[in-house]
Amino acid sequence: MSSKYKSIETKLIKAGEIEPKILGAVSLPVFQSSTFVYGGEDNYHDVRYIRLNNTPNHHVLHEKLAAIENAEAAIVAASGMAAISTTLLTFLEKGDHLLVQDTLYGGTHDFITKDLPALGISYDFIDPANPQQWAKKLKPDTKVIYVESISNPLMQVGDLKAAAKFAKEHNLISMIDNTFPSPVNFRPIEHGYDLSLHSCTKYLNGHTDIVAGAAIGKAELVEKIRKKLNHFGGTLDPHACFLLHRGMKTLSVRIKYQNESALKIAKFFEQQSGVIKVNYPGLESSPSHKRAKELFSGYSGMISIEIEGGKEASEKFISLLAIPICAPSLGGVETLITLPSTTSHAGMDPEERRKIGISDGLIRISIGIEDTEDLIADFKQALSKL
Ligand SMILES: *Cc1c(COP(=O)(O)O)cnc(C)c1O
């Protein structure tokens, strides 16, 4: 879909909106109707029914999501994992193989390492920063390469340009989980990716009140995902569509503020003597900085740090904070803080976890939209009490 609006800010408000406005309503109403009057459709997938992802609330989101990533098409799903699992199962079948980056979102890691092998689909991990090593992992049945724009929780950015190029050279479908940067900071389709995936639960919705997912990319591929999703049934309910639509309108203002605030906070942490390590691709000290700077227009609100004293000190630090809330998930207006070793990566073998650089005391912070100076003062008072 080529949008008539140029900038992402305008697209977030205008793209896909139904004109003329329904009964004059400026905000699109919720079409909470499971079925619609039969209109002569002659194809199962075109019958109007909530599970078939085709209510007005779905259509508007599909057009808006495609427009903001400069893609042809998009489809929303019941959660990020519904979008990711359905997309992988659309393009992989028994006997197929996929190459996948070695540091993955926990749910995706479990799905690929546990569920796919049970279906006869094999995988090999690749180091996303080392493209020279990928070719030797290729197999005759390799169909997909899967990466994440910013990895969790170490905030590493792989060689994203190389992965899209590698896919083209070897006739693979390239998929990227673009949840962490959000479409404001990075638009993978512009860099040659076939499919961009999102947990819309995070930045796209931004208000910590729904779970939702999306797949964005070439119309022909999205159509295949839509049919699979219609069968699996992982549909986003119209009321959740409405909330996601509402949340997305402020995506750009939120992200720009969060980019700026997180960069200041990361720099603050870098100057504190009790802080051993700060992981943030916006810092010049980050090994990912050069790659991130070339591709991203901002570095998101996600930071991780290590402080002196290990896990015990980290837990005390978190308990001393007044503003951040200790909870998993990310990308909302509230600053959230967690220890990945006890939440997102708790399922991993502790030895393996440490080997990939996730210490037991590593702290992950999702910067919200509170005042930057208030947050810095809060972090400072907590550090001073350790
Ligand atoms: C949260 C998350 C997911 C899963 O999304 P859900 O909406 O929780 O199903 C996938 N990838 C990344 C990077 C995430 O942060």
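Residues numbered from 1 in each chain as written. Predicted model: local features only at pLDDT ≥ 70, side-chain atom pairs only at ≥ 80, totals over all residues. Heavy atoms only, no water.

Chemist: Would you mind going over the overall build of the chain in detail, with residue names and values included?
Modeler: Looking only at helices and strands, one finds 13 helices and 12 strands in the chain. In terms of overall size, the chain behaves like a compact globule, its C-alpha atoms giving a radius of gyration of 21 Å where 386 residues would be expected to give roughly 21 Å. Along the three orthogonal principal directions, the C-alpha set of the chain runs to about 70 × 55 × 35 Å. When each of the 386 residues of the chain is scored for burial, the buried share is 55%. Nonlocal contacts in the chain, meaning residues at least 24 apart in sequence, comprise 73% of its contacts between residues at least 6 apart. As displayed, the chain offers around 16,400 Å² of accessible surface, 54% of which is attributable to carbon and sulfur atoms. Of the charged side chains in the chain, 42 are positive and 45 negative, and the gap between their average positions amounts to 3 Å. (Helix = DSSP H or I, 4+ residues; strand = E, 2+ residues; numbered from the N terminus. Rg over C-alpha atoms; globule rule 2.2 N^0.38 Å. Buried < 20%, exposed > 50% of the residue type's maximum accessible area, 1.4 Å probe, protein only. Contact = heavy atoms within 4.5 Å. Areas by Shrake-Rupley, 256 points an atom, 1.4 Å probe, with all protein chains shown as cover. Lys, Arg positive; Asp, Glu negative; His and termini not counted. Charge placed at Lys NZ, Arg CZ, Asp CG, Glu CD.)

Chemist: Account for the pairing of strand β9 (residues 302–307), with residues named and values stated.
Modeler: Taking burial as the measure, the 6 residues of β9 include 5 buried ones, the bulk of the element. Inspection of the sheet shows strand β8 (residues 275–279) paired to β9 by 4 bridges, in the antiparallel sense. Of the residues in β9, the one forming a bridge with K277 is E306. In the sheet, β9 pairs with strand β12 (residues 363–366) via 4 bridges, with the strands oriented antiparallel. If you follow M302 over to β12, its bridge partner there is S366. (Pairing = 2+ DSSP bridges.)

Chemist: Break down the pairing of strand β7 (residues 213–217) for me, citing the residues and quoting the values.
Modeler: Burial of β7 is extensive: 5 of the 5 residues sit out of reach of the surface. Summarising the sheet, strand β1 (residues 73–77) and β7 pair through 5 bridges and their orientation is antiparallel. Residue pairing across strands places A77 opposite G213, the latter belonging to β7. Sheet analysis places strand β6 (residues 195–199) next to β7, joined by 5 bridges and oriented antiparallel. Bridge assignment links L197 to a residue of β7, and that residue is A215.

Chemist: If you had to explain the nonpolar core to someone new, which residues and values would you point to?
Modeler: By size, the foremost hydrophobic cluster in this structure holds 78 residues, and its most contacted members are L244, F269, I305 and F317. Per-domain counts for this core show at least three residues from each of domain 1 (8–248) and domain 2 (251–384). With residues up to four places along the chain from it excluded, the contact list for L244 reads L61, V76, C200, L204, N205, I210, A212 and L236. In terms of nonpolar packing, the next biggest core, distinct from the first, is built from 28 residues, A82, L98, L116 and L229 among them. (Core = buried A, V, L, I, M, F, W, Y, C linked by side-chain atoms within 4.5 Å. Domains from an automatic or database assignment.)

Chemist: Go over the environment of K161, please, and point to the residues and values.
Modeler: As for its position among the elements, K161 is in helix α5 (residues 160–169). Beyond its immediate stretch of four places on either side in the chain, K161 contacts E294 and L295.

Chemist: How would you sum up the sheet that holds strand β4 (residues 142–148)? Please name residues and give values.
Modeler: With respect to topology, 7 strands assemble into an open sheet ordered β1-β7-β6-β5-β4-β2-β3, the strand pairing being mixed. The sheet terminates laterally at β1 and β3 (122–126), the two strands that pair on one side only. Neighbour to neighbour, the strand axes of the sheet diverge by 20 degrees on average, direction disregarded. As defined by bridge partners, strand β2 (residues 97–101) adjoins β4 across 4 bridges and the pair is classed as parallel. Residue pairing in the sheet places L98 in a bridge with V144 of β4. Packed onto the sheet, α5 meets β2, β4 and β5 (173–177) and runs at close to 165 degrees relative to β4. (Axes fitted to C-alpha atoms, helices over the stretch in contact; angles between N-to-C directions.)

Chemist: Which residues make up the site of the ligand, and what values go with them?
Modeler: The environment of the ligand is formed by 13 residues, the closest being G80, M81, D177, T201 and K202. At 2.8 Å from an oxygen atom of the ligand is found a main-chain nitrogen or oxygen belonging to G80. Between the ligand and T201, the relevant distance is 2.6 Å, taken from an oxygen atom to a side-chain nitrogen or oxygen of the residue. Relative to its unbound accessible surface of 390 Å², the ligand loses 91% to contact with the protein. Considering every element that reaches the shell around the ligand, the biggest residue donor is helix α3 (residues 80–91), with 3 residues. (Near = heavy atom within 4 Å. Polar contact = N/O pair within 3.5 Å; in protein donor to acceptor, adjacent residues only side chain to side chain.)

Chemist: Quick rundown of the pattern of salt bridges? Include the residues and the values.
Modeler: Under the counting rule described, the total for this entry stands at 16 salt bridges. E19 serves as the salt-bridge partner of K21, at 3.4 Å between the closest nitrogen and oxygen. A relative accessible area of 53% places E19 in the exposed class. The partner of K227 in a salt bridge is E223, and the shortest N-O contact between them spans 3.6 Å. Highlighted residues: K227 and E223, both in helix α7 (residues 219–232), separated by 4 residues, approximately one helical turn. Residue classification places K227 among the partly exposed residues on the basis of a relative accessible area of 32%. By sharing partners, the salt bridges in this structure join D46, E223, R226 and K227 into a single network. (Salt bridge = Lys/Arg side-chain N within 4 Å of Asp/Glu carboxyl O.)

Chemist: Could you give me a rundown of the packing of aromatic side chains, with the residues and numbers involved?
Modeler: For the structure on display, the rule yields 7 aromatic pairs. On the basis of an interplanar angle of 55 degrees and a centroid distance of 5.0 Å, the ring pair of F269 and F379 is categorised as tilted. With a gap of 110 residues between them, F269 in helix α9 (residues 251–270) and F379 in helix α13 (residues 372–384) connect regions that are remote in the sequence. Both residues of the pair, F269 and F379, belong to the buried class. Between Y280 and Y299 the ring centres are 6.4 Å apart and the planes differ by 70 degrees, which places this aromatic pair in the edge-to-face class. Linking Y280 in the loop between β8 and α10 (289–295) with Y299 in the loop between α10 and β9, this pair joins segments that are 19 residues apart in sequence. Judged on exposure class, the residue Y280 and its partner Y299 are both buried. Members of the aromatic cluster, connected to one another through ring pairs, are F268, F269, F317 and F379. Directly above the aromatic system of F36 lies the positively charged group of R48, at a separation of 4.3 Å from the ring centroid. (Phe/Tyr/Trp six-rings, centres within 6.5 Å; stacked < 30°, edge-to-face > 60°. Lys NZ or Arg CZ within 6 Å of the ring centre and 35° of its normal.)

As far as function goes, none of this settles anything; it's purely spatial.
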